[in-house]
Amino acid sequence: MECCKQKLPYESETGVFQSSMAWASVGSNHSSKTALIIPGGPGNAAPTPEDIGGLENLVEYDYQVFIVTRPQNMPKYYTVQDIARDYARMIKTEFGGHVDLIIGTSYGGMICQFLAATFKHIFNHIVLVVAACEVNPPCRSIDLAYANALAQGRPFAAGAAISKEFWPHCKLPILAKLAGGILHVAKTICGPKHHEHFANDVVIEAESEETFDSRPVLPYIKVPVLLIAGEYDYVFPLNLIKETVALIPDCRLRLYMGKGHTDVLKDDHRVVRDIVDFVRGQEIRSVLCQ
């Protein structure tokens, strides 16, 4: 793998695995535990250590934290379940077949549902953050418009399209579209350059949302799952959250009242606290059952 050092409060690296999955990490190689973040989408731009955000605070609990995006140049009709297999293979190849903690945010949480159902041997603990068994149908169209605009090199149009997910209850949608467009133009200017296959991959990911439905596999999840959700999430609304919790045999729900999709992700200190409490609870439970 190729990697380069970054200057951050914690030791950090970036690189690309042989599978073409780009990654970034914070924390020491000597940490006793490994946490893997599967980020949201659509889009698999190379991550930076800053993309780990407040979840970097897991370093304080002796984790080295990795964020890893989807492989590049995905074929047409690739599914979320296909991508889950890619992550399982990547964990086998790059992490010796096992990580201590997997955290999937939004699109990443969709992937994690298949990992939990099919590949329970590759992790100790798994957490879904703002994800459910299905994407709210209007948001599938929003994400596809967003992805097509990005693929065509129109960041303002992309930001305007996805603004509905950021501010679903805004009384002045034109202002929301303007703000979303400006934010995405700034992100394009200041962020890393997209890889050569990004235009293909961002559309493939958005199209995969149309066929995503994890309901058939959720009852087969035999490990405890923590689901962190927002009361007013527009992408994964409360009815889908409750259905997901009901279908997973052992699912703990942490519902953030008054929070929307992005609001939950911004409340990173609370998210870290809930994750750490969940992991500690499972570890105590494991000891008591021995």
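The written sequence of each chain sets the order in which its residues are numbered from 1. Under the rules for a predicted model, residues below a pLDDT of 70 receive no local features and side-chain atom pairs below 80 are neither given nor counted, while totals for whole chains, interfaces and linings still include all residues. Hydrogens and water are ignored here; the side-chain numbers use all heavy atoms of the structure.

A.B. asks: What's the story with the overall build of the chain in this structure? I'm lost.
C.D. replies: Summing up its helical and strand segments, the chain has nine helices and nine strands in all. Using C-alpha atoms as the atom set, the radius of gyration is obtained and then compared with a globule rule of 2.2 Å times the number of residues to the power 0.38. A globule of 290 residues ought to have a C-alpha radius of gyration of about 19 Å, and the chain, at 18 Å, matches this closely. Projected onto the principal axes, the alpha-carbon positions of the chain cover approximately 60 × 45 × 35 Å. Counting all 290 residues of the chain, 53% fall into the buried class. When the accessible surface of the chain is split by element, carbon and sulfur atoms take 56% of a total near 13,400 Å². Only four residue types enter the tally: Lys and Arg on the positive side, Asp and Glu on the negative side; His and the chain ends are excluded. In plain terms, the charge of a residue is placed at NZ if it is Lys, CZ if Arg, CG if Asp and CD if Glu. Across the chain, the mean location of the 27 positive side-chain charges is 4 Å away from that of the 32 negative side-chain charges. Each helix is a run of H or I in the DSSP string that is no shorter than four residues. Each strand is a run of E no shorter than two, and both are numbered from the N terminus. Partly exposed residues are those whose accessible area sits between 20% and 50% of the maximum for their type, while under 20% is buried and over 50% is exposed, using a 1.4 Å probe and protein chains only. Surface exposure here means Shrake-Rupley accessible area, sampled with a 1.4 Å probe, where a residue is shielded only by the protein chains that are shown.

A.B. asks: When you look at the packing of aromatic side chains in this model, what are you seeing that I'm missing?
C.D. replies: Each pair of aromatic rings is reported with the distance of its centres and the angle of its planes. Centres within 6.5 Å are what make two rings of Phe, Tyr or Trp a pair, Trp counting through its six-membered ring; a difference in plane orientation under 30 degrees is then read as stacked, over 60 as edge-to-face, and the rest as tilted. One pass over the structure, following the stated rule, counts six aromatic pairs. Ring centres of Trp23 and Phe66 lie 5.7 Å apart, and the angle between their planes is 50°; on these two criteria the pair is classed as tilted. One end of the pair, Trp23, is in strand β3 (residues 22-26); the other, Phe66, is in strand β5 (residues 63-68), and 43 residues separate them in sequence. One exposure class covers both Trp23 and Phe66, and it is buried.

A.B. asks: Help me understand unusual backbone geometry in this model?
C.D. replies: Here Gly41 and Pro42 are connected by a cis peptide whose omega angle stands at 5°. With respect to the helices and strands, Pro42 occurs in the loop between β4 (33-38) and β5. Positive phi outside glycine occurs at Asn73, with the angle close to 60°. Along the chain, Asn73 turns up in the loop between β5 and α1 (80-94). On the basis of relative accessibility, which here comes to 45%, the residue Asn73 falls in the partly exposed class. Of note, the phi angle at Tyr77 is positive, near 70°, even though the residue is not glycine. Turning to its location among the elements, Tyr77 is positioned in the loop between β5 and α1.

A.B. asks: Got a minute to help me understand the pairing of strand β8 (residues 225-230) in this structure?
C.D. replies: Sheet faces and side chains relate simply in a regular strand, where the side chains alternate between the two faces. By the criterion of burial, β8 is predominantly enclosed, with six of the six residues buried. Here β8 shows two buried faces, one formed by Val225, Leu227 and Ala229 and the other by Leu226, Ile228 and Gly230. Two strands pair under a simple rule: DSSP has to find at least two bridges between them. Pairing of strand β7 (residues 123-129) with β8, which is carried by four bridges, proceeds in the parallel orientation. Residue Ile126 lies in a different strand from β8, and its bridge partner there is Val225. Inspection of the sheet shows β8 paired to strand β9 (residues 251-256) by six bridges, in the parallel sense. Note that in β9 the partner of Gly230 across the bridge is Tyr256. For the handedness criterion, the strands are oriented away from the viewer, and a crossover whose path from the first strand over the helix to the second runs clockwise is classed as right-handed. Note that the unit made of β8, helix α7 (residues 238-247) and β9 has a crossover that is right-handed.

A.B. asks: Mind showing me how you'd approach the nonpolar core here?
C.D. replies: Within soluble globular proteins, side chains that are nonpolar tend to cluster in buried spots. Counting 51 residues, the largest nonpolar core has Ile102 and Leu115 as the members making the most contacts within it. Within the residue set of this core, elements represented by two or more residues are β4, β5, α1, β6 (99-105), α2 (107-118), β7, β8 and α7. Contacts are residue-level and defined by heavy atoms, with any inter-residue pair within 4.5 Å sufficient. Beyond its immediate sequence surroundings of up to four residues, Ile102 is in contact with Leu36, Ile38, Ile91, Cys112, Leu115, Phe123, His125, Ile126 and Val127. The nonpolar core is taken to be a set of buried Ala, Val, Leu, Ile, Met, Phe, Trp, Tyr and Cys residues, with the residues joined through side-chain atoms within 4.5 Å.

A.B. asks: Is there a simple way to think about the packing of helix α3 (residues 137-151) against helix α4 (residues 155-166) in this case?
C.D. replies: For any two helices packed against each other, one specifies the inter-axial angle together with the distance between the axes. Interhelical geometry of α3 versus α4 gives an angle of 165° and a closest axis separation of 7 Å. Relative to α4, the element α3 lies roughly antiparallel. You can see that α3 and α4 cross each other, and the crossing is left-handed. Across from Cys139, Ile142, Asp143, Ala145, Tyr146, Ala149 and Leu150 in α3, the residues of α4 making contact are Pro155, Ala157, Ala158, Ala161, Ile162, Lys164 and Glu165. Orientation is described by axes fitted as lines to C-alpha atoms, over the contacting stretch for helices, and by angles from 0 to 180 degrees between their N-to-C directions. Between 65 and 115 degrees an angle is taken as roughly perpendicular, under 35 as roughly parallel, over 145 as roughly antiparallel, and anywhere else as oblique. If you view the pair so one helix is near and one far, a crossing is left-handed when the near helix is turned anticlockwise from the far one by less than a right angle, and right-handed when it is turned clockwise.

A.B. asks: Explain a nonpolar patch on the surface to me, please; I cannot follow it from the model alone.
C.D. replies: A surface patch of nonpolar side chains, amounting to about 590 Å² of accessible area, comprises Phe156, Leu172, Ile174, Leu175, Leu178 and Ile182. By residue number, the principal contributor to the nonpolar patch is helix α5 (residues 173-190), which donates four residues. Within the fold, Ile174 resides in helix α5. Each patch groups residues whose relative accessible area exceeds 30% and which form no salt bridge, using 9 Å between like charges and 5 Å between nonpolar side chains of Val, Leu, Ile, Met, Phe, Trp and Tyr. The working definition used for a salt bridge is a side-chain nitrogen of Lys or Arg within 4 Å of a carboxyl oxygen of Asp or Glu.

A.B. asks: Is there a simple way to explain the state of the cysteines in this structure?
C.D. replies: Working definition: the covalent bond between the sulfur atoms of two cysteines is a disulfide. Disulfides are defined as pairs of cysteine sulfur atoms found within 2.5 Å of each other. One pass over the full model with this rule turns up zero disulfides. No disulfide involves Cys170; its nearest neighbouring cysteine sulfur is the one of Cys139, lying 15 Å away. Residue class for Cys170 comes out partly exposed when judged on its relative accessible area of 31%.

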